[in-house]
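Observations on the three-dimensional arrangement
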Amino acid sequence: MNLIILGAPGSGKGTQALRLAERFKLRHISTGDLLRNAVAAKTELGRQVEAVMQAGELVSDEIVLKLIMEVFDAPGEWDGWILDGYPRSDDQAEALEDVLSANREVVDAVIYLDVADDVVTNRLLARKRGDDTPEAIRKRLEVYKKDTMPVLDFYELRYDVHRVDGSESIEEVTDAIVRLVDS
Ligand code: B4P
C-alpha cells in the first residue's frame, strides 16, 4: 500500500506516518527527517538548507526531489511506502507523478489531516524543535496555505483523498485513518 499524508506543519503527519508505517510495514519517507539528518551530519546539502529551514521557508524542489529519489532507490523489504512532508507544492506533486510513473508505482490513498491553526501552533511551540520559533511557525503556516493547500486540489482530481480530523488524540487519529485505508 502506498500512501501520502498531507497537512499543516504540526498537524501530526510525522506522528501518524510512523504509526502507519509500523502497522502496515511501509517505508516511512519523511522529507523533514531527511533534511534534518543532513543538517545534523553537517553535509554540504545540510549546510545549504539549514538557514532556509530555520526561516520556515521551503527547501528547493531540486534538493528535495534528489533526496526522495535516493530513498526510493534504496533496497528494503516493505509492503509499500508512506510519504510524509512531500509533496509540498504543485511543482513537487507533478515531479512525484513523473517519478512514480517511471517506476510504475501508484498512490493508493491520500490522507489529509485537518487541524486548526491555533492547535498546530500550540503543538509546535510545545515540542521545542530548533525550527519551531514563533516567527518560523507563522512563516510555515503562511507558506503552507500559499504553496501546499493547492496540492489537495491536485490530488482530489486524481486519487481518493481521506479527510481526517487531526485534532483528536494520537490514537483516535490513527484509528480513523486505519478504518479509512483498510476499508
Ligand atoms: P516537517 O518535518 O515535515 O515538519 P512539520 O510539518 O513541522 O510537522 P508534522 O506535521 O510532521 O508534525 P508532527 O507529527 O511532528 O518539515 C520541517 C521543515 O522541513 C519545513 O518547514 C521545510 O523547511 C522543510 N521541508 C520538509 N519537507 C519539504 C519539502 N517537501 N519541500 C521543501 N521543504 C521541505 O507533530 C507536531 C507535534 O504535535 C509533535 O510534538 C507531536 O507529538 C504533537 N502531536 C501530533 N499529533 C497530535 C495529536 N493528535 N494530539 C496532540 N499532539 C499531537
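Placed above this text is the structure.
Counting restarts for each chain, with residues numbered from 1 along the sequence as it is written. Only residues with pLDDT of 70 or above have their local features reported here, since the model is predicted, and side-chain atom pairs are shown and tallied only from 80 upward, although totals for entire chains, interfaces and linings are computed over all residues. Side-chain measures here rest on the full set of heavy atoms in the structure, leaving out hydrogens and waters.

**Here's the deal with the overall build of the protein**
Only DSSP runs of H or I covering at least 4 residues are called helices, and only runs of E covering at least 2 are called strands; the numbering of each starts at the N terminus. When helices and strands are tallied, the protein shows 8 helices and 5 strands. Written out in order from the N terminus, the α and β elements of the protein read β-α-β-α-α-α-β-α-β-α-α-β-α. The globule rule is 2.2 Å times the number of residues to the power 0.38, and the radius of gyration it is compared with is taken over C-alpha atoms. Relative to the compact-globule value of 16 Å for 183 residues, the protein shows a C-alpha radius of gyration of 16 Å, a close match. Considering only C-alpha atoms, the protein reaches an extent of 40 × 35 × 30 Å along its principal axes. For the protein, with 183 residues in total, the buried portion stands at 46%. Contacts are assigned to residue pairs with any non-hydrogen atoms lying within 4.5 Å of each other. Taking the contacts inside the protein whose residues are at least 6 apart along the sequence as the reference set, 76% of them involve residues at least 24 apart. For the accessible areas, the method is Shrake-Rupley and the probe is 1.4 Å, while residue cover comes only from the protein chains on display. Summed over all atoms, the accessible surface of the protein reaches about 9700 Å², with 50% contributed by carbon and sulfur. Residues scored as charged are limited to Lys and Arg (positive) and Asp and Glu (negative), so that His and the chain ends carry no count. Where a charge lies is defined by one atom per residue type: Lys uses NZ, Arg uses CZ, Asp uses CG and Glu uses CD. One finds the centroid of the 23 positive side-chain charges in the protein at a distance of 5 Å from the centroid of its 36 negative side-chain charges. Burial here depends on accessible area, computed with a 1.4 Å probe over protein chains only, as a share of the maximum for the residue type. Under 20% is buried, over 50% is exposed, and the range in between is partly exposed.

**Considering the nonpolar core**
Grouped together as the largest cluster of nonpolar side chains are 38 residues, with contacts concentrated most on I4, L35 and Y155. If one sorts the elements of this core by residue count, helix α7 (residues 134–156) sits on top with 7 residues. Here Y155 is in contact with I4, L6, P87, A93, L96, E97, V110 and V161, once residues within four sequence places are set aside. What we call a nonpolar core is a set of buried Ala, Val, Leu, Ile, Met, Phe, Trp, Tyr and Cys residues that are connected through their side-chain atoms within 4.5 Å. Formed by 17 residues, the second largest nonpolar core is a distinct cluster that contains A17, I82, V164 and V178.

**Examining unusual backbone geometry**
Residues Y86 and P87 are joined by a peptide bond in cis, for which omega reads 0°. Among the secondary structure elements, P87 is positioned in the loop between β3 (81–84) and α5 (90–102). For R104, which is not glycine, the phi dihedral falls at a positive 50°. For R104, the location among the structural elements is in the loop between α5 and β4 (109–114).

**Observations regarding the sheet that holds strand β5 (residues 161–165)**
If you walk across this open sheet you meet the 5 strands as β2-β3-β1-β4-β5, and the pairing is parallel. The open sheet terminates on both sides in strands that have one partner only, identified here as β2 (27–30) and β5. For this sheet, the mean inter-axis angle between neighbouring strands, taken without regard to orientation, is 20°. Paired strands, in this sense, are two strands between which DSSP finds at least two bridges. With 4 bridges connecting them, strand β1 (residues 2–7) and β3 associate as parallel partners. Note on β3: the bridge partner recorded for I4 is L83. The axes are straight lines fitted to the C-alpha atoms, using for helices just the contacting stretch, and the angles between their N-to-C directions are given from 0 to 180°. This element, helix α1 (residues 13–24), spans β1, β2, β3 and β4 of the sheet and lies at about 175° to β3.

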